[in-house]
Amino acid sequence: MKTYIKHDPWQIIEDAFRPEHNEFSESIFAIGNGRMGQRANFEEYFSGKTLQGSYLAGIYYPDKTRVGWWKNGYPEYFAKVINSFNWIGLDIRINGQRLDLAQANISSFERRLDMQRGILHRTFVASMPDGSKVRVEASRMYHLFASETASLQYRLQALTEDLHVEVSSILDAEVINRDSNYDEKFWEPITQGQHGANLFVCSRTKKTAFEVCAELETRVTADKKSVELNGVTSDTGYMAANYITTLGSLQTLCIEKRVAIVTSENHPKERLREIASAHLIALQSDDFEQLQKKQAAAWATIWAESDIEIFGDVAAQQAIRYNIFQLNQTYTGEDARLNIGPKGFTGEKYGGVTYWDTEAYCIPFYLATQSPHIARNLLLYRYQQLGKAIENAEKLGFSGGAALFPMVTINGEECHNEWEITFEEIHRNGAIAFAIYNYVRYTDDQEYIWTHGLDVLVAISRFWAQRVNWSAEKQRYVMLGVTGPNEYENNVNNNWYTNRIASWCLEYTLNCLQQCESKTPGTYTALLDKLKIDVEEREQWKHIIDNIYYPYDDKRKIYLQQDGFLDKELIPVQQLDPAQRPINQKWSWDRILRSCYIKQADVLQGFYFLEDQFDQDTLARHFEFYEPLTVHESSLSPCVHAILAAKLGKAAKAYEFYLRTSRLDLDDYNNDTEDGLHITSMAGTWMTIVEGFAGMRVSNGQLYLNPMLPPEWKGYKFRILFRGATLLITVSADAYTIENISDNPANISTPSDSFVLAAHSRREIAQVR
Ligand code: BGC
C-alpha cells in the first residue's frame, strides 16, 4: 500500500517528489475526457521511471498473438488501445543544461488534481547543476467542452539571475507501446509540417489504418512579452517549435500549448487536417483562464448530476469523488461504438476495451446517474457485435446460432489468448444477459427486449444448451472445464456460479419469449420466425433448467464453488503471513491454483445478481464461508462484498470494503496501480454506497430504499435518476429524506411503506438501519 496521497474533499494531492513511485502517480493523476486521455507524464524530458501514455478512444492495433504453444481457437491478435501522439512535451534547457527532474535537485514538489474543475496542476522548484534555480507551475486539461482538444500552461520562473532558456515544444507521433508483443511500432507517418505558426502531424495505424491528425499551437511569452519562434525541428513523425529567451531573476516564461487531435473514427480522412485546424481556431479567442472556466463549467454540470457527498469522513469523500471523476473521464456514453476499458486512458495493461466488467459492474452506475440511452448504448454495443459472438462460438465448435461473447474485445472479436480464460471463462455470457434484465428492470423499456434483447438472449441460451452435457452418473446436466469469476481456479467442473447463471439465462429468455407472446403476439410470431425457435428447443431448455447440477455441501448447507472445492485445505486468509500477499505477486501460479484462495466474488457474485432467490440466512451462511477465503486481488471484489455485508447489517465489514474499493488505487491496495487505474471497479464503488449503504434496489417497478449509515459517517447524500424522476436522497443518523426535484412522480418503496412521491415534494423517513 501507499498512503501518501493527502486527504481532501475535492483534490488529489501528492506533496513531495517520489521518483521511485512515479509510475503509480502517473496513473493516479491521469486525466481524460471520454474521447482521449493521458497518464500524468511530465511535460519536460524525464530520464527516470515513467510509462509514457496518451490514448484515443476507439483507436487500436491488432497486435499479433504471442504464445509459447498455439492452441486451436486462439484469437490471431490482441487488440490494444495504443499509445498515441504525445503533445505535451517541452524540452527545456537552462544555461545549456537539460531540465530533467531525475537529474536536477527538486524541492517544493506538488501534484494536485482538481476534480471539481477537471484540471491537473504541478509545481516544483528545480536547482540545476550550475546553481541556477527555477520554479515551475504547470496546469493541464483534457477539455470536456470540446472533446477533441486539450491544453496546458507551463510557467517557468527564474529564481536566479540571467537564465538562458531554450524550449522546444514537441508534437511527437513516433510513440511506442511498452507491451508491444514483437517490439513493433504501431504507427506509420502520413504527413507533417507547419500550418502558419502551428505544427501538425498525421499518422496512420498499421493494419487497422486509422488515421489521426494533430495540430499544435504554442504561445510563448517571457515577462509577458511574446517570444518569437526560433525555427522548427522535424524528424519522422516528430515536430518541434523552438524558442530562446533570457530571464532575469523572478521573470517568468509562460508557455501555452493547445492541441486538436482528430481521428478517422469520427471524421472523413480527407478532412482531418482541416477539422483539427478549425478546432484550434474555435479556441483562439479564449486565454488559458477562460479555457479553465469553460472546463470548470462542464465539470460543474457533471457534478450536479452525479456527485455523492459524505459528511464527516474526508478520506471516504475524496475516494468516492475520485471514482466518479475517473468514470466520467473515461466514458461519456454518447458513442455506442465505445465502451469502458478496465484501465480507461490510464495504462496499457489489459488492452482491448470491453470485459464483462461493463455489464456486471458499470451498468448500474450509468442507469442511475445518466439518461437511459447511455446504458442502452452499452447494451447496443454487444447487440451490434452479436454476429462476431456467433462466429466466435463457431470457431470453438458450437453451431446453430449459439453465441459466445468475447472475454476481451474492441470490435466483437475475441482477443484474449490464455486458454483458461478465453475458452473457459464463459460466465461472461451470463453477465451480458443479466445486463439486459437489469436495464429493463430499471427503465421499464420492455420494447428493447423485443427489438434487440431477445436476439442476444436466444443466442446466449443456445450456447449454454450446447455447453452443458448430460451426466449419466449424476443424472443431471453438468458443465465441465470452466473458469468461474475466481480466476485462481481453472478448468474446474460445475462452477456453481456458471451453472446457476447459465440456467438463469435460459429461464429469463423463456420468460421474455412468454411475455412477448402475451403482450405483442405479432412481434412474437415474427421473432420465432426470425430466430427459428421451435417448441423442441424450448423444451430442451426447460429440461436443462429443471435438471442442472449444483454442487452442494449438505453438512454446511452451502453451494460449492465447484465440484472439488472441499478437497482443498481451507485456511482462512487471516492466517496468511501478510508478507505473502498479494499472493499473485508472491506465489507460483501452481500454488495459487491448488490453494483455497478466491480472487474475487464467485459464488457470492451469484448471490449478488440473483439476490431475490436467497433468504438472509442462506446469504449469511455463504458469506461466512466464502469471504474469509477471499483475497480480493481483483479490483472487482470488494464492492460486491461491501454490498452483501451491508445487506447482512455488517456495518463495520461493509465500511472496510468500502474503503478498500474506493481507495483501491489512491492507496494502491493491490500494488498494481502503476499499470493504470481500475476504472470498471470504480462503478462498483458507487454501487457500494447506493446499493450497499442506501440499500437501493428496483423491485416491481418501484425504487426501493433501506438506508444504513456507516458509524464513521455523519451522513451522505446522492442523486438518482429513476424513470423520469430525479431524486435527492439524504441519509443521516436517525432519518433520511427523499426529495423529488423533478416534474415527474416517482414510485418508491421502503421496508415499511410504498408510496408515490409527487413531483417537487419530499418525504422524511425516520428509519435508518
Ligand atoms: C478479473 C476479471 C476482470 C478483469 C478486468 C481480472 O483481474 O479477474 O474478472 O474482468 O480483471 O477487470
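Computed from a predicted structure; not experimentally measured.

(A) Local environment of the pattern of salt bridges. Evaluation of the coordinates by the stated rule reveals 47 salt bridges. Of the charged contacts, one joins Glu43 and Arg140 as a salt bridge, the two residues approaching to 2.8 Å between their closest N and O atoms. One end of the pair, Glu43, is in the loop between strand 3 (36-38) and strand 4 (54-56); the other, Arg140, is in strand 11 (residues 133-142), and 97 residues separate them in sequence. Just as Glu43 is buried, Arg140 falls in that class too.

(B) The arrangement of the domain arrangement of the chain in detail. For the chain, the assigned domains read domain 1 (35-306) and domain 2 (695-768). Once you take the C-alpha centre of each, domain 1 and domain 2 turn out to be 45 Å apart.

(C) Looking closely at the state of the cysteines. Within this structure, the stated rule accounts for one disulfide. For the unlinked cysteine Cys512, the closest cysteine sulfur is that of Cys516, found at 8.8 Å.

(D) Main features of the pairing of strand 20 (residues 252-263). Taken across its 12 residues, strand 20 has 12 buried, putting it largely inside the fold. Neither face of strand 20 is left uncovered, since the one carrying Thr252, Cys254, Glu256, Arg258, Ala260 and Val262 and the one carrying Leu253, Ile255, Lys257, Val259, Ile261 and Thr263 both have all their residues buried. In this sheet, strand 20 lies alongside strand 12 (residues 149-158) in antiparallel orientation, the contact comprising nine bridges. Each residue of the ladder has a partner; that of Leu156, found in strand 20, is Leu253. One ladder, built from 11 bridges, connects strand 16 (residues 211-222) with strand 20; its direction is antiparallel. In the sheet register, Ala222 faces strand 20, and the bridge partner there is Leu253.

(E) Up close: the sheet that holds strand 26 (residues 697-699). Across the sheet, which stays open at both edges, the four strands sit in the order 26-27-31-32 with mixed pairing between neighbours. Of all strands in the sheet, those with a lone pairing partner are strand 26 and strand 32 (753-757), marking the two edges. Strand-to-strand twist across the sheet, computed as the mean angle between neighbouring axes with direction ignored, equals 30°. The pairing of strand 26 with strand 27 (residues 702-704) spans three bridges and is classified as antiparallel. Counterpart to Arg697 in the pairing with strand 27 is Tyr704.

(F) Layout of the nonpolar core. In this structure, Tyr154, Leu454 and Ile720 are the most contacted members of the largest nonpolar core, which totals 243 residues. Taken domain by domain, the makeup of this core includes at least three residues from each of domain 1 (35-306) and domain 2 (695-768). Within the second largest apolar cluster, nine residues are counted, among which are Cys202, Ala260, Leu272 and Leu280.

(G) Inspection of the sheet that holds strand 7 (residues 90-94) at higher detail. Sheet architecture is open: five strands sit in the order 8-7-13-19-18, paired in antiparallel fashion. The two strands at the open ends of the sheet, each matched to only one other strand, are strand 8 (97-98) and strand 18 (232-235).

Each value, and the rule that gives it
- Residues numbered from 1 in each chain as written.
- Predicted model: local features only at pLDDT ≥ 70, side-chain atom pairs only at ≥ 80, totals over all residues.
- Heavy atoms only, no water.
- Salt bridge = Lys/Arg side-chain N within 4 Å of Asp/Glu carboxyl O.
- Helix = DSSP H or I, 4+ residues; strand = E, 2+ residues; numbered from the N terminus.
- Buried < 20%, exposed > 50% of the residue type's maximum accessible area, 1.4 Å probe, protein only.
- Domains from an automatic or database assignment.
- Disulfide = S-S within 2.5 Å.
- Pairing = 2+ DSSP bridges.
- Axes fitted to C-alpha atoms, helices over the stretch in contact; angles between N-to-C directions.
- Core = buried A, V, L, I, M, F, W, Y, C linked by side-chain atoms within 4.5 Å.

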